[in-house]
Amino acid sequence: MEAYKEAIAECLTESLGQPTETIVPMLRIPPEAAWGDFAFPCFTLAKAWRQAPQQIAAQLAQQLTLAAPVAAVAAHGPYLNFTLDDDILSREVLQTIAREGERYGRGDEGRGKKVVIDYSSPNIAKELAFHHVRSTMIGHALKQILEARGYTVEGDNHLGDWGTPFGLLIAAYERFGWDDAADVEDIVQLNALYVRARNEAKVDAGFAAAGRHWFQRLEAGDPQARKRWRWFVDVSLAEFDKVYGLLGVSFEHTLGESFFEPYMDDAITELQGRGLVTESQGALVVDLSAYDMPPCLLKKQDGATLYSTRDLATVLYRKREWRFDTCLYVVDMGQSLHFAQLFKVLELAGFEWAANCHHIPFGLVLQRNPESGKWEKGSTRQGNASLLKTVLEAAIGMAREKMAASNPDLPDAELVARQVGVGAVVFNDLKNRRTRDVKFDQEAILNPQGETGPYMQYTQARCASVLAAAPETASVEPLYELLQQPEERALVRKLATYPAVVAEAARTWEPSVVAQHLLAIAADFNSYWTRGNKDPGRRILRPDAADLTVARAALTAAVRTVLCNGLKLLGVPAPDAM
RNA sequence: GCCCCCUUAGCUCAGUUGGAUAGAGCAUCGGACUUCUAAUCCGAGGGUCAGAGGUUCAAAUCCUCUAGGGGGUACCA
């Protein structure tokens, strides 16, 4: 679509006496599609020309000479509205999509640049809560989107597997034991033990001390501590992998904080060498008071490392070993200060690449507190956070039931139910701006109607279904000028802007831009489709009119391609039937 | 206290770089299946864009203040 803006600027450049580069950014999209494809507002000319913008628009509409693909210009109040040639547009857009197929939407502005994305990053010894879907799927979508735009991307699942909590967990294991005969999965028992350890530490100082001691042993490499801890990690990873498998998510690296433990002293030494580290209240810190921030803690009074220390060692490792150009942290907004501190420390240390590290914040998942009725941050500890697995299972159950009722003969129904259930949960999370807080509402997630994953999937399945029923026409050149209905014109234009939409999502690190665009395409297509219910003349397949069938099938195929490509970027599966 | 984010229809949210009449979905009400998949579509009602100032030819959008909600604020991650 950018190329067409250029063509319109070309028409204007002579009359305005301005180069096309200054005209292109002034072009707008009219609020009504029927008015045209692009609008040029005449307000800014009013001063210089000392005329009312309405007059200027009317005058320009008279005198401009148009060249293909610009088909028409009309003054509409203070705006000059340009309409592109449908025939040319349809041909170019649909041919491009047919030619590029699953590559449509890709670009190369990221070629040669490497991005490391830190996402998902759950803590071990706990089940994945619903809120983990956010970092996991936003990160996954960003990875796909950036790859589509030519970046080389490596994902790292930075497991929270190190720190005092795991000393406490070992202490709890020692004190309370493990029930091998328990009739629950290991992860469930481990999660319960974790909760018990935290609670015990609050009321029993001796236990808390034992926990800290175990963590010191762990850091010192004590074999017994290591063995227990390793087992906790393994149980957790086995559980995480089940959910990641269901979501279709994988990582290039799953290193975890523990991996960077040997690098932490070096990281501190590095900062000390640059004169940044001071001692304060018995702890090692980088003072950030000059920047209105609390100090960045590197070592506690007891010598144990912290979250910041590990993130510091991690980013230094990533830069050194993976040589990223950009490092993205897909972590909730609650940690903004932590990342501001981290990046400031890197900057103060003189690493010019600190400017290429970015926190990609997203809103919290709020749960309704049953007592106060208020929306607040969910907590696995307080037991008021839903498990991701549970929500996914509920969504799959919804899909299964719906299909049993509406499409009982569907082959591979269980697979499709999984795809639809997962799609419902994932799309629900990605369709809105990532910085918004999310009010957890399972009923809304399970509703397959309206602006939902199942709606997107259903639309794609409709395309697949009609294309499967269409006669073989691969060798026939479609007559694009037959696509003259308003819905067809609108669809072609939305398909045309898809690559720019993906580029925008990559630039702003915002997957919802893609989701919203796909929703708009699906809405147009479904509207288009339903017109054929009443009026057989407007159906895609016209046994009585081969030319129309070919042209409409070409449009349908393009819609399907874009929906599939876009859903792939978002991590939403696209079954061909449901 | 200080810092960050949010506030658009009953509910959940879109709203491009400031641009023309602020749009969807859910819910409610009324319609459309002898059909290319009705998980769809069409229509209706529903708005002081939290409030007040300011900048501008033009503000939901930018600035200031106020109110309400969420989060954070050195030894948790």
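Residues numbered from 1 in each chain as written. Chains lettered and ligands numbered in written order. Predicted model: local features only at pLDDT ≥ 70, side-chain atom pairs only at ≥ 80, totals over all residues. Heavy atoms only, no water.

**A short note on helix α4 (residues 53-63)**
We apply this condition: Accessibility here uses a 1.4 Å probe with only protein chains present; expressed as a share of the type maximum, an area under 20% marks a residue as buried, one over 50% as exposed, and anything in between as partly exposed. Where helices and strands are cited, they refer to DSSP runs of H or I of at least four residues and of E of at least two residues respectively, numbered from the N terminus. The arc in question is the one spanned by the directions pointing from the helix axis to the C-beta atoms. Contact definition: two residues touch when any of their heavy atoms are within 4.5 Å.
Buried within α4 are the following residues: P53, I56, A57, L60 and A61. Along the axis of α4, the buried residues cluster in a sector spanning 130 degrees; they form a single face. Among the structural elements, α1 (2-16), α3 (43-49), β2 (70-76) and β3 (79-84) are those in contact with the buried residues of α4.

**Concerning the packing of helix α6 (residues 132-148) against helix α16 (residues 413-430)**
Worth spelling out the cut-off: In this analysis an axis means a line fitted to C-alpha atoms, helices contributing only their contacting stretch, and an angle means the value between N-to-C directions, from 0 to 180 degrees. Angle categories are assigned with fixed cut-offs, so that under 35 degrees is roughly parallel, over 145 is roughly antiparallel, 65 to 115 is roughly perpendicular, and the rest are oblique. When residues are sorted by character, Ala, Val, Leu, Ile, Met, Phe, Trp, Tyr, Cys and Pro go into the nonpolar class, Asp, Glu, Lys and Arg into the charged class, and all the rest, Gly among them, into the polar class.
Closest axis-to-axis distance for the α6/α16 pair is 10 Å, and the angle between their directions is 80 degrees. Accordingly, the angle class assigned to the pair α6 and α16 is roughly perpendicular. Counting all contacts with α6, which are made through V133, R134, M137, I138 and A141, the residues of α16 involved are V425, V426, D429 and L430. When grouped by side-chain class, the residues that make up the contact of α6 with α16 number 7 nonpolar, no polar and 2 charged.

**Quick look at the protein's contact with RNA strand B**
The condition that has to hold: We call a residue near a molecule or strand as soon as one heavy atom of that residue lies within 4 Å of the molecule or strand. What qualifies as a polar contact is a pair of N or O atoms within 3.5 Å, subject to a donor-acceptor requirement within protein and to the restriction that residues adjacent in sequence count only when both atoms come from side chains.
Taken together, 73 residues form the shell around RNA strand B, and within it K300, Y458, R462, S465 and N533 come nearest. Looking at RNA strand B alone, sugar and phosphate atoms form 59% of those within 4 Å of the protein. Here a phosphate oxygen of RNA strand B sits 3.4 Å away from a polar atom, N or O, in the main chain of K377. For RNA strand B, a phosphate oxygen lies 3.1 Å from a polar atom in the side chain of K439. Broken down by class, the residue content of the surface near RNA strand B amounts to 33 nonpolar, 21 polar and 19 charged.

**Here we look at the pairing of strand β10 (residues 357-362)**
Test applied: Two strands pair if DSSP finds at least two bridges between them. For the handedness criterion, the strands are oriented away from the viewer, and a crossover whose path from the first strand over the helix to the second runs clockwise is classed as right-handed.
Counting buried residues along β10, 5 of its 6 residues qualify, which places the element largely inside the surrounding structure. In terms of strand pairing, strand β9 (residues 326-332) meets β10 through 6 bridges, oriented parallel. Looking at the pairing, V331 lines up with P361 of β10. Note on the crossover from β9 through helix α14 (residues 336-348) to β10: the handedness is right-handed.

**Examining the confidence of the model for chain A**
Formally: Per-residue confidence from the prediction method is given by pLDDT, with values spanning 0 to 100.
Looking at chain A as a whole, the pLDDT averages 92, with 98% of positions reaching at least 70. With a pTM of 0.95, the predicted complex shows an ipTM of 0.96.

**Comments concerning the nonpolar core**
Defined as follows: Throughout, nonpolar core names a set of buried Ala, Val, Leu, Ile, Met, Phe, Trp, Tyr and Cys residues whose side chains join them through atoms within 4.5 Å.
Grouped together as the largest cluster of nonpolar side chains are 163 residues, with contacts concentrated most on F40, L80, L346 and L495. One finds A399, M403, A417 and V420 within the second-largest nonpolar core, a separate group that totals 7 residues.

**Here's the deal with the environment of G450**
Turning to its location among the elements, G450 is positioned in the loop between α17 (442-446) and α18 (453-469). Distance in space between the C-alpha atoms of G450 and G110 is 35 Å, their sequence separation being 340 residues.

**Some thoughts on the sheet that holds strand β13 (residues 438-439)**
Reading across the sheet, the 3 strands line up as β12-β11-β13 and stay open at both edges, with mixed pairing between neighbours. Where the open sheet ends on each side, the last strands, each with one partner, are β12 (375-377) and β13. Strand direction decides the pairing type here: strand β11 (residues 365-368) and β12, joined by 3 bridges, are antiparallel. For Q367, the partnering residue across the bridge sits in β12 and is E376.

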